[in-house]
Amino acid sequence: MFIDEARIRVKAGDGGNGCMAFRREKFVPRGGPSGGDGGHGGDVLMESSLSHNTLVHFRFNPEHKSQRGGHGLGSNCSGFSGEPTVLKVPVGTLLYDDLSGELIHDFVRPNDQIVIARGGRGGRGNQHFATSTHQAPREHELGRAGEERSYRLELRLLADAGLVGFPNVGKSTLISRLSAARPKVADYAFTTLEPNLGVVSVGEWPHEESFTIADLPGLIEGAHLGHGLGIQFLKHIERTSVIVHLVDVSDASGRPDPVDDFNVITAELKAFDPALAAKPTILVAAKIDIANPAKLKKLRTFAKRRKLPFYEISAVTGHGTEPLTYAIAELVAQHRPAQPEVDVTLPKKRKPAYPPLASSARGRAT
């Protein structure tokens, strides 16, 4: 099941209460206050992971809570700190505040970790309230409440190239030919109900290169308005560096003009996001094994006039797929965004970032 949107509610752990206690030992008649501090509540963290490729694990478990801190004890013993909760999300996930709609973070690389809800600060025990004139304080603090937040998660696939086109033009067959992906292939519209990702390798070792390619469900006219399945998956094209536009040049499509097919899909991409129409595009004439010569000639002339890279393939027989693969790899290498450097060192131990104490409280604590 491919789930690319989810809403979650998170609650960080509350801080433990401070303790009120006094030393009661033999031969120590005035031992003084000895109440320990409460422990800090556990944070809720979110981390991107390569072992996840969908948000389905949030569908039936939308609420997450961290452990609260332990209460303070006598003999100046502090309570234990709550254990943090780490939520794993796929690379490419966008984190939004569900109330304001503000983008909080974009997980564009693996092992990227942020705190999405901070645990409450533990309360101070009565040992901190002793002064020269107030030597037996009975004051102590309650723990602070942990943050409670609501978020919306949106997954956008990280693919170098995206296959677009009308339903049943051969996108699934092509990705199964180029990569190890095995999507469902059938002779009816909207066979593909969810995106499929495949890894394509070109060249010989040690000069072998690879790129990822996404087979997106077929678009139709009006997709940006919610017609068909396209509105659910148009956002995944925003991450791609290159668009591979497949056009059926056979009579099986039932559409007489292949140029009009290209213009309709391009208009849908532009209506959804004008930046999509400006992405580097490779025009592919699909199903040339059963092609209509007039359609093929018209599309070839159109590509030459628009100065678009043009390839003729048959995904069933494999004709023309190898030159197309090298063309996609070359264009991806030119337009692939620079990858941020990944820090392979072990993460430093996190220190809780809690609000500073008031100046009067600091004075009493010292």
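As the structure is a prediction and not an experimental result, all values here were calculated from the model.

**Points about the overall build of the chain**
Move 1: Along the backbone of the chain there are seven helices and 14 strands.
Move 2: By the burial criterion, 47% of the 366 residues in the chain qualify as buried.
Move 3: The long-range share in the chain, meaning contacts at least 24 apart out of those at least 6 apart in sequence, stands at 75%.

**Section: the nonpolar core**
Considering soluble globular proteins, one finds that nonpolar side chains tend to be buried as a cluster.
Move 1: With 37 residues, the main nonpolar core has Leu 174, Phe 211, Ile 213, Ile 237, Leu 246, Ile 282 and Ile 328 as its most contacted residues.
Move 2: Broken down by element, this core gets its largest block of residues, six residues, from helix 6 (residues 321-335).
Move 3: When residues no more than four places from it in sequence are discounted, the contact partners of Leu 174 are Leu 163, Leu 246, Ile 313, Ala 315, Thr 321 and Leu 324.
Move 4: Membership of the second largest hydrophobic core comes to 18 residues, among which are Met 46, Phe 58, Phe 107 and Tyr 151.

**Concerning the packing of helix 1 (residues 171-178) against helix 6**
Move 1: Two elements in contact, helix 1 and helix 6, have axes separated by 11 Å at closest approach and are oriented at 85°. In this view, helix 1 runs roughly perpendicular relative to helix 6, as classed from their interaxial angle. Between helix 1, through Leu 174, Arg 177 and Leu 178, and helix 6, the contact on the second element is made entirely by Thr 321, Leu 324 and Thr 325.
Move 2: Here the residues of the contact of helix 1 with helix 6 are counted per class, giving three nonpolar, two polar and one charged.

**Focus on the confidence of the model for the chain**
Move 1: With 84% of its residues at a pLDDT of 70 or more, the chain shows a mean pLDDT of 84.
Move 2: Ignoring residues within four places in sequence, the model shows residues 342-349, a span with pLDDT below 50, making one contact including any to other chains.
Move 3: A low-confidence stretch, residues 351-366 (pLDDT under 50), is modelled with 20 contacts involving residues beyond four sequence positions or located in other chains.

**Quick look at the pairing of strand 5 (residues 93-97)**
Move 1: Most of strand 5 is tucked away: five of the five residues are buried.
Move 2: Residues of strand 5 alternate between two faces, with Thr 93, Leu 95 and Asp 97 on one and Leu 94 and Tyr 96 on the opposite face, all of them buried.
Move 3: Pairing between strand 5 and strand 6 (residues 103-106): three bridges, direction antiparallel. What sits directly across from Tyr 96, in strand 6, is Leu 103.
Move 4: Counting the residues in the hairpin turn of strand 5 and strand 6 gives five residues, including Gly 101, whose phi is positive at 80°.

**Some points on helix 6**
Move 1: Here helix 6 contains 15 residues, and its C-alpha end-to-end distance of 21 Å stays within 8% of the 21 Å for a straight helix at 1.5 Å per residue.
Move 2: Along helix 6, the residues classified as buried are Thr 321, Leu 324, Thr 325, Ala 327, Ile 328, Ala 329, Leu 331 and Val 332.

**What to know about the pattern of salt bridges**
Move 1: This structure, assessed with the given rule, holds 17 salt bridges.
Move 2: With its nearest N and O atoms 2.8 Å apart, the salt bridge here joins Arg 239 to Asp 106. With Arg 239 in the loop between helix 2 (230-233) and strand 12 (242-248) and Asp 106 in strand 6, this residue pair connects regions lying 133 residues apart in the sequence.
Move 3: Linking Glu 312 and Arg 300 is a salt bridge whose minimum nitrogen-to-oxygen distance equals 2.9 Å. Of this pair, Glu 312 sits in strand 14 (residues 310-312) while Arg 300 sits in helix 5 (residues 293-306); the two residues are 12 residues apart in sequence, bridging distant segments of the chain.
Move 4: Exposure remark for Glu 312: the relative accessible area of 25% places this residue in the partly exposed category.
Move 5: By relative accessible area, Arg 300 is classed as partly exposed at 36%.
Move 6: The network of salt bridges with common partners includes Arg 152, Glu 154, Arg 156 and Glu 238.

Criteria and thresholds
- Residues numbered from 1 in each chain as written.
- Predicted model: local features only at pLDDT ≥ 70, side-chain atom pairs only at ≥ 80, totals over all residues.
- Heavy atoms only, no water.
- Helix = DSSP H or I, 4+ residues; strand = E, 2+ residues; numbered from the N terminus.
- Buried < 20%, exposed > 50% of the residue type's maximum accessible area, 1.4 Å probe, protein only.
- Contact = heavy atoms within 4.5 Å.
- Core = buried A, V, L, I, M, F, W, Y, C linked by side-chain atoms within 4.5 Å.
- Axes fitted to C-alpha atoms, helices over the stretch in contact; angles between N-to-C directions.
- Parallel < 35°, antiparallel > 145°, perpendicular 65-115°, else oblique.
- Nonpolar A, V, L, I, M, F, W, Y, C, P; charged D, E, K, R; others polar.
- pLDDT = per-residue confidence, 0-100.
- Pairing = 2+ DSSP bridges.
- Expected span 1.5 Å × (residues − 1).
- Salt bridge = Lys/Arg side-chain N within 4 Å of Asp/Glu carboxyl O.

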